[in-house]
Amino acid sequence: MGFLSRLFRREGGSKHVAKERLQLVLSHDRMKLPPALLEQMKDELITVISSYIEIDEAGINVELTERDDERQLIASIPVIGMRKRRARQ
Amino acid sequence: MGETLVITSGKGGVGKTTTTANIGVALADLGYRVALLDADIGLRNLDVVLGLENRIVYDIVDVVDGFCRLKQALIRDKRNEGLYLLPAAQTKDKTSVSPEQMRDITLQLKELNIATESGKAGYFDFIVVDSPAGIEQGFRNAIAGADRALIVTTPEVSAVRDADRIIGLLEAEEISRPQLIVNRIRPGMVRSGDMMGIEDIIDILAVELLGVIPEDDRILVGTNRGVPVVGDSSSRAGQAFKNVARRIVGEEVPLMKLDASEGFFGRLGYLLGIRGR
């Protein structure tokens, strides 16, 4: 970390990290849903969805965000394939 | 009828007491009659920031307990006509006063007709309550009689998070539309991308901005002396607090230019002192 790195750091200053971390922590604070509970919800989602379709568990991303005053739960779940479904009786 | 403002933040050390003192002096300077109320019982500090620590005889708990009349506990500021302080107790704790008693004190202050040094009698235009840090009873006390809330924060993750929590609690108490004061901004750091700027903070908290106070060494000098910086014409924070006071009374005052970032010449001009920040 010297003169040069400081010169080139401008855009990547720590304020963006601060803002992102704040937005994340506040979305949890405001919803009163701590990160651990979100994890638990994610696990349950995986269980439910996996029984219908084959998904890539490692690639799942579930997050709370706020856009234009609207809170959203956004889940991105990569699908590998469809499970063969048995006909229901 | 006067108006009661509470200055609060959640987090400690963001400058509530300094803000309260400076807004009080600035409002008095504008010709308003102001009572400052230190609600931080057990950790009294507004008195030293104002340089009035040697004048205290009675405090708020004495008033609540009926040891003295409200008028007797009010300390008249030595420099600013129309400015008064109702000090907190230093030896008691926050539970010595209940929110109901606090509300009652603010109502009594509104109804108090008091003569200033020059003999002009009248009622308080503003009662400014300095809230303690935290969200427990001290905070509950401070907001009990408030008509309006000013939230102080700094551009730090922890302070902004606490401000968000306070905004939620104020809404629950139906003290709506709180206004925000962002304290201790360092324009150089904002410019270099290492400090959240005003837009970032407003974006996150979604509240109305009342003022921005730049970081200023004169604040500490003022506190050392017991003289709020509002009276110091060389202090940028002092100027910013003056602007806040004028906005409180309804004037439209544009935000101070914090950074002279408009190019090389702007910065050069600032360095040479030919350009006001």
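Refer to the structure printed above.
Now for a look at the structure at hand. In every chain, residue numbers begin from 1 and rise along the written sequence. Chains carry letters and ligands carry numbers; both start at the beginning, A for chains and 1 for ligands, and go up in the order they are written. pLDDT decides what is reported in this predicted model: residues at 70 or higher carry local features, side-chain atom pairs at 80 or more are listed and counted, and totals for whole chains, interfaces and linings draw on all residues regardless. Only hydrogens and water are set aside when side-chain values are computed; all heavy atoms of the structure are taken into account.

**Some words on the interface of chain B and chain A**
Tallying the contact residues gives 15 residues for chain B and 13 residues for chain A. Buried area between chain B and chain A, both sides added, is near 1400 Å², and the carbon and sulfur share of it is 52%. Here's the idea: put two parts together, see how much 1.4 Å probe accessible area each one loses, and the total over both is what we call buried area. Looking at the side of chain B facing chain A, the largest losses of area belong to V157(B), R161(B) and I204(B), adding up to 36% of the total buried there. Note on definitions: salt bridges are taken to be side-chain nitrogens of Lys or Arg within 4 Å of carboxyl oxygens of Asp or Glu. Taken together, the connections running from chain B to chain A amount to 5 salt bridges. Notably, a salt bridge pairs R161(B) with D29(A), separated by 2.6 Å at the nearest N-O pair. Two N or O atoms form a polar contact when they lie within 3.5 Å of each other; inside protein one atom must be a possible hydrogen donor and the other a possible acceptor, and for residues adjacent in sequence the pair counts only when both atoms belong to side chains. Along the contact surface separating chain B from chain A lie 9 residue pairs in polar contact (both at pLDDT 80 or more). Note on contacts: a residue pair qualifies if any of its non-hydrogen atoms lie within 4.5 Å across the two residues.

**Some remarks on the packing of helix α6 (residues 137-144) of chain B against helix α7 (residues 157-172) of chain B**
Residue and element names in this part refer to chain B. Comment: axis = line fitted to C-alpha atoms, over the contacting stretch for helices; angle = value between 0 and 180 degrees taken between N-to-C directions. Numbering of helices and strands starts at the N terminus; helices are DSSP runs of H or I of at least 4 residues and strands are runs of E of at least 2. Two elements in contact, α6 and α7, have axes whose closest approach is 12 Å; the angle formed by their N-to-C orientations is 55°. As the angle between them shows, α6 and α7 are arranged oblique. Crossing of α6 against α7: the hand is right-handed. In this structure, α6 contributes F139, R140 and I143 to the contact, and α7 contributes I166, L169 and L170. Within the contact of α6 with α7, the residues separate by chemical class into 5 nonpolar, no polar and 1 charged. For this classification, under 35 degrees means roughly parallel, over 145 means roughly antiparallel, 65 to 115 means roughly perpendicular, and everything else is oblique. Here a crossing is called left-handed whenever its near helix is offset anticlockwise from the far helix by less than a right angle, and right-handed whenever the offset is clockwise. Three classes are used, and their members are as follows: Ala, Val, Leu, Ile, Met, Phe, Trp, Tyr, Cys and Pro are nonpolar, Asp, Glu, Lys and Arg are charged, and the others, Gly among them, are polar.

**What to know about the nonpolar core**
Residues and elements named next belong to chain B. Ranked by internal contacts, the top residues of the largest apolar core, which has 53 residues, are L37, L86, L109, F124 and L205. Here this core gets 6 residues from one element, more than from any other, and that element is α7. When sequence neighbours within four positions are dropped, the list of residues in contact with L86 reads L36, L37, D38, I60, V63, L70, A73, L74 and I105. The nonpolar core is taken to be a set of buried Ala, Val, Leu, Ile, Met, Phe, Trp, Tyr and Cys residues, with the residues joined through side-chain atoms within 4.5 Å. Note on classification: 1.4 Å probe, protein chains only; a residue is buried when its accessible area is under 20% of the maximum for its type, exposed when over 50%, partly exposed between these limits. Grouped together as the second largest cluster of nonpolar side chains are 36 residues, L5, V49, I181 and V230 included.

**Considering the pattern of salt bridges**
Within this structure, the stated rule accounts for 15 salt bridges over all chains. Residue D200(B) pairs with K19(A) through a salt bridge whose shortest N-O separation is 3.3 Å. Of this pair, D200(B) sits in helix α9 (residues 198-205) while K19(A) is found in helix α2 (residues 14-31), placing the two residues in two different chains. Of the two residues, D200(B) and K19(A), neither departs from the other in class, the shared state being buried. The salt bridge involving D164(B) is made with R30(A); its shortest N-O contact spans 2.4 Å.

**Some details on the environment of L46(B)**
Residue and element names in this part refer to chain B. As for its placement among the helices and strands, L46 is situated in helix α2 (residues 46-50). Judged by its relative accessible area of 0%, L46 falls in the buried class. In the structure, L46 is positioned 10 residues away from L36 in sequence and 8.5 Å away in space, judged by C-alpha atoms. In this structure L46 touches T17, T20, A21, L36, L37, D38, L85 and D130, once residues within four positions along its chain are discounted.

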